[in-house]
Amino acid sequence: MTALTLSTAAASGLRADAIVVGVAKSPKGAKGLSVAPGAEAVDKAYGGKLAGVLETLGASGAEGEVTKLPAPSGFKAPLVVAVGLGAEPEKDSSFGTETLRRAAGAAARALAGSKKAAFALPVADAGDVGAVAEGALLGAYAFDAYKANGKDPKARNGKAPLAEVAVLGAKPRDRAHKAAAERATAVTEELNRARDLINTPPNDLNPEAFAAVAQAAAKEHGIKVQVLDEKALEKGGYGGILGVGAGSASAPRLVKLSYTSSKAKKHLAFIGKGITYDSGGISLKPAGHNETMKCDMSGAAAVFAAVVAAARLGLEVNVTGWLALAENMPSGSATRPGDVLRMYSGKTVEVLNTDAEGRLVLADAIARACEEKPDAVVDVATLTGAMMLALGNRTFGIMANDDAFRSAVHEAAEEVGEAAWPMPLPDHLRKGMDSPTADLANIGERFGGGLVAGLFLKEFVGEGITWAHLDIAGPAFNESGPFGYTPKGGTGSAVRTLVRLAELTASGDLG
Ligand code: BES
Ligand code: MN
Ligand code: ZN
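Residues numbered from 1 in each chain as written. Chains lettered and ligands numbered in written order. Predicted model: local features only at pLDDT ≥ 70, side-chain atom pairs only at ≥ 80, totals over all residues. Heavy atoms only, no water.

In the annotation of an unreviewed UniProt entry, the entry for the protein chain reads Probable cytosol aminopeptidase, and the organism field reads Streptomyces phyllanthi. In UniProt, the protein chain has this text filed under Subcellular location (unreviewed entry): "Cytoplasm". Note on the protein chain: under the UniProt heading Function (unreviewed entry), the record states "Presumably involved in the processing and regular turnover of intracellular proteins. Catalyzes the removal of unsubstituted N-terminal amino acids from various peptides." (UniProt positions renumbered as here; feature names shortened; annotations may be inferred.)

Laid out in structure tokens, this is it:
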């Protein structure tokens, strides 16, 4: 875990392995790059020539670009790391928080193997302090639990993540700055824990193991937890969750996490798809489509992280998290295409494709969550390949049964720097899921597959309950190289959006 401090110290006197500064592309028309605010003292120590030196080294100020150079003489730190911020903002405006988050993340990644780095980036207010802290703490993430000698950095394959981050220009005694740092620590620690869960191989993280992790964390943070095992699921009539888990040697679980605040006026329910491995079941996925399917519990990981973060931040809102955990495997006991499941809500579903399993576990959890009449329900799921085709692999889709709520979720996502986009739920796609045998089938028309999945879920939302569905199939797992504060592998998609929704609900500012 990377440590965070705020410091008003001068860059020159700081004992650190590196000083991080920002560089921006000069405005259109003007030549070259400019050193961003926050690094004035560093620039001065180079005789005011830092921009020129960086240009000589080939720097352009482009977003994510990292240039390393020896620190000026007299500095305690040996290294200066210049990170690109992209275009310089218009006069009188400042760099956006997401720009700062990404730059800090890129610098933290480039500093893997170092102990301590001081970030002298342009921080104008507490929001910027939080953004730099978040970006650095998220960028410093590494998953090496399965590398040989993972505990010994010298023997490990990769470099140890940056161990300590100091944000310069931030005042440790300023209440807003301190709160921003505390928020960044809680959110990034839980988000990084979600990444760990996503990256953990499915032979080690089955539903039972995930439930045990949730139980331990709940205990630590004063969250009430209830785990329904296969017997309790049977007794409760959770046909969707049981049907998906039927083929696996590891039985399914439904975990309920209840964070309550004595000052709460509202109640949110978050529901996560937690397929610890999605082979497709009897409708088996072909090779090339199952190698990353350990990521199919990313929704549950996000919900888990968000509930724990809400508890750590003491938000004045009640948040219930539901983790619908199952492993989707083919076997003699697996659900067959053609089987009919009796769902928790009482509806029957003809399973025509066992690879459309996420909607089945979610349907039970959504119906159950709605019984408690929360003010809003948000489910998060790596639900469809179709959403990836529509929005690519960095943007999640938002569907909802309420236009204002969908917009509010979208705004919350934008605020925290998560790319998201509203998607419709067209009524006419519902009839594609008509079944001659059951109340509905678990698949429908191929075109608009992400929306069909959303329409399926909508059938299980309680009367009069406000609901949104986040399809994070694209951004949940990064199969290409790292960028900004996003590592390869599990990303922790939707965690920050959920935390923001909880904050906005607590302060009465949602919508
Ligand atoms: N977990 C997958 C969706 C997915 C695909 C997530 C790629 C992340 C990356 C989901 O369970 C699934 O298999 N969906 C099917 C639904 C289809 C059978 C209607 C799909 O999208 O192909
Ligand atoms: Mn599937
Ligand atoms: Zn799946």
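Just to check I follow, could you spell out the sheet that holds strand β15 (residues 396–400) for this structure?
Two modes of strand pairing occur in sheets, parallel and antiparallel, and in both the strands are linked by backbone hydrogen bonds. The 8 strands are arranged β8-β9-β11-β10-β14-β18-β15-β16 in an open sheet whose pairing can be described as mixed. Of all the strands in the sheet, just β8 (224–228) and β16 (420–422) have a single pairing partner and so form its edges. On average, each strand axis in the sheet is tilted by 20° relative to the strand beside it, whichever way the strands run. As paired strands, strand β9 (residues 253–259) and strand β11 (residues 318–328) are joined by 7 bridges and run antiparallel to one another. By the bridge assignment, Tyr-259 is partnered in β11 with Val-319. (Pairing = 2+ DSSP bridges. Helix = DSSP H or I, 4+ residues; strand = E, 2+ residues; numbered from the N terminus. Axes fitted to C-alpha atoms, helices over the stretch in contact; angles between N-to-C directions.)

Would you mind going over helix α13 (residues 449–458) with me for this structure?
Since the α-helix turns once every 3.6 residues, residues separated by three or four places project in the same direction. With 9 of 10 residues buried, α13 is to be regarded as a mostly interior element. Buried within α13 are the following residues: Gly-449, Gly-450, Leu-451, Val-452, Ala-453, Gly-454, Leu-455, Phe-456 and Leu-457. (Buried < 20%, exposed > 50% of the residue type's maximum accessible area, 1.4 Å probe, protein only.)

In this structure, what is going on with the coordination of the manganese ion (ligand 2)? I would like to understand it.
Think of it this way: four donors in a tetrahedron around the metal ideally sit 109.5 degrees apart, and six in an octahedron ideally sit 90 or 180 degrees apart. Coordination of the manganese ion (ligand 2) by the protein comes from Asp-278 (OD), Asp-355 (O), Asp-355 (OD) and Glu-357 (OE), over a distance range of 2.1 to 2.2 Å. Given 6 donor atoms and angles of 70 to 169° at the metal, the environment of the manganese ion (ligand 2) is assigned as irregular. On the primary sequence, the residues serving as donors to the manganese ion (ligand 2) are separated as D-x76-D-x1-E. (Donors = N, O, S within 2.8 Å, 3.2 Å for Na, K, Ca; no water. Tetrahedral: all angles 85-135°; square planar, octahedral: opposite > 155°, others 65-115°.)

So what exactly am I meant to see when it comes to the UniProt feature "active site" (unreviewed entry) in the protein chain here?
In this numbering, the UniProt entry assigns the feature "active site" (unreviewed entry) to Lys-285 and Arg-359. Take Lys-285: its relative accessible area is 15%, and that puts it in the buried class. When sequence neighbours within four positions are dropped, the list of residues in contact with Lys-285 reads Asp-278, Ser-279, Gly-280, Asn-290, Met-293 and Asp-355. Residue position: Arg-359 is located in helix α10 (residues 358–370). Exposure remark for Arg-359: the relative accessible area of 8% places this residue in the buried category. (Contact = heavy atoms within 4.5 Å.)

Sorry if this is basic, but what is going on with the environment of Ser-114 here?
Note that Ser-114 resides in the loop between α3 (97–110) and β6 (116–120). Spatially, the C-alpha atoms of Ser-114 and Phe-405 are 44 Å apart, while their sequence positions differ by 291 residues. Once residues lying within four places of it in the same chain are set aside, the contact partners of Ser-114 are Asp-17, Pro-161, Leu-162 and Ala-163.

Looking at this structure, how should I read the domain arrangement of the protein chain?
Where interface size is quoted, it is often the accessible area lost as the parts come together. Along its sequence, the protein chain is organised into domain 1 (3–170) and domain 2 (192–507). The gap between the C-alpha centroids of domain 1 and domain 2 is 36 Å. Listed per partner, the contact involves 14 residues of domain 1 and 16 residues of domain 2. In this assembly, domain 1 packs against domain 2 so that about 1,300 Å² is buried in total across both faces, 57% of it on carbon and sulfur atoms. On the surface where domain 1 and domain 2 come into contact, there are 1 salt bridge. Of the charged contacts in the structure, one is a salt bridge between Arg-496 and Glu-134, with a shortest N-O distance of 3.8 Å. Put simply, domain 1 and domain 2 have 9 residue pairs in polar contact (both at pLDDT 80 or more) between them. Broken down by secondary-structure element, the contributors of at least two residues to the side of domain 1 that touches domain 2 are α3 and α4 (126–139). Counting residues per element, the side of domain 1 that touches domain 2 draws most heavily on α3, at 6 residues. Looking at side-chain class alone, the side of domain 1 that touches domain 2 contains 6 nonpolar, 3 polar and 5 charged residues. (Domains from an automatic or database assignment. Buried area = accessible area lost by both parts, 1.4 Å probe. Salt bridge = Lys/Arg side-chain N within 4 Å of Asp/Glu carboxyl O. Polar contact = N/O pair within 3.5 Å; in protein donor to acceptor, adjacent residues only side chain to side chain. Nonpolar A, V, L, I, M, F, W, Y, C, P; charged D, E, K, R; others polar.)

Hey, could you run me through the coordination of the zinc ion (ligand 3) in this one?
Note on the zinc ion (ligand 3): its protein donors are Lys-273 (NZ), Asp-278 (OD), Asp-296 (OD) and Glu-357 (OE). The metal-donor distances range over 2.0 to 2.4 Å. Given 6 donor atoms and angles of 78 to 173° at the metal, the environment of the zinc ion (ligand 3) is assigned as octahedral. Donor residues for the zinc ion (ligand 3), ordered by position in the chain, follow K-x4-D-x17-D-x60-E. In this structure, the zinc ion (ligand 3) lies 3.2 Å from the manganese ion (ligand 2), and both are coordinated by Asp-278. Residue Asp-278 is located in strand β10 (residues 267–278), and its partner Asp-296 is located in the loop between β10 and α9 (298–313); the two are separated by 18 residues in the primary sequence. When its relative accessible area of 3% is taken as the criterion, Asp-278 is described as buried. Judged by its relative accessible area of 2%, Asp-296 is buried.

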